[in-house]
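# Residue-level structural notes
Take a look at the letters that make up each chain.
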Amino acid sequence: MAVIAVPRLARTHTVSDLALAALAPVSWGTTYVVTATLLPADRPLLAATLRALPAGLVLLAATRRLPSGSWWWRSAALGMLNFGAFFPLLFFAAYRLPGGVAATIGSVQPLVVALLSLAVLRIRPARAVLCAALAGTFGVALMALTAQARLDPLGVAAMLTATSLMGTAIVLAKKWGQPEAPLVMTGWQLTFGGLVLAPLTLAVEGVPAAVTGENLLGFAYLGVIGTAAAYALWFRGIDRLPPTSLSLLGLTNPMVAVLAGFVILGQTLTGWQAAGFAVALGALIAGQALGRRPA
């Protein structure tokens, strides 16, 4: 009886795609700590603009490619979802909520993507994958929510909206495909989002009276590592991975956010939080394994 082996290259290719895509939410998990320790206080629009526009213009100049046809409005729409609207809401939530609370709310994104995939892409996620997403959210909640966690209503609403917008962007990008390389697509969307944010920032927050070296370091880190490089890897993952599988990688965001709080901000790790970390990690691994099984 003949035995057909699964090609090793295909399996390695999938694992490498998952690993590279996971680097994006890993870097995003440090956003909360960087915002709390390095950025100017109470300036979410300024933080969003300086995170998006400089990185977008640099990538646009480096790639020297402009959208064509329908990709003008598609890039503008994705740029608003991923950056123009998402970034201000994210920073607003980061200023008003502890990183763990914001991360727990953000961990529902796989469920949002699963529902939108069913409605828009006609893709029905496996029941086991949905269970893994629920388990991941439960694990993140155990890990991140403490008795001292404060639930600011406006911050919670902002984070829920931001999570839904990014989930919508994942599904639409999967539906429309990618006409160019990830770096090109990243440059288009960052530039569109940043150009919308810049005049809004000047009108609402104005120019800061002073910018410190720590502020510049924080902006540089978020722009280069947390935005240009991270979103190029994220858009590459959108092109190569199923939407639910990709969104499950977002569980690494709250895991890193909580760990960064423990390491950098001197927070303590309780037994319940350690158990939550184990549950979230197990859900992430199980969800990826179950999601790769043929239907």
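Residues numbered from 1 in each chain as written. Predicted model: local features only at pLDDT ≥ 70, side-chain atom pairs only at ≥ 80, totals over all residues. Heavy atoms only, no water.

### Overview of unusual backbone geometry
Its identity as a non-glycine residue notwithstanding, Asp42 has a phi of 55°, on the positive side. Position of Asp42 relative to the elements: it lies in the loop between α2 (31-37) and α3 (44-63). For Arg64, which is not glycine, the phi dihedral falls at a positive 55°. Its relative accessible area of 74% is what places Arg64 among the exposed residues. (Helix = DSSP H or I, 4+ residues; strand = E, 2+ residues; numbered from the N terminus. Buried < 20%, exposed > 50% of the residue type's maximum accessible area, 1.4 Å probe, protein only.)

### Some details on the pattern of salt bridges
All chains considered together, the criterion is met by three salt bridges. A salt bridge links Arg236 to Asp17, with the shortest nitrogen-to-oxygen separation between them at 3.0 Å. You can see Arg236 sitting in helix α11 (residues 213-240) and its partner Asp17 sitting in helix α1 (residues 8-28), a full 219 residues away along the chain. Note that Arg240 is salt-bridged to Asp17, the shortest N-O span being 3.7 Å. In this pair, Arg240 sits in helix α11 while Asp17 sits in helix α1, placing the two residues 223 residues apart along the sequence. Assessed through its relative accessible area of 3%, Asp17 is described here as buried. Connected through salt bridges with shared partners, the residues Asp17, Arg236 and Arg240 form a single ionic network. (Salt bridge = Lys/Arg side-chain N within 4 Å of Asp/Glu carboxyl O.)

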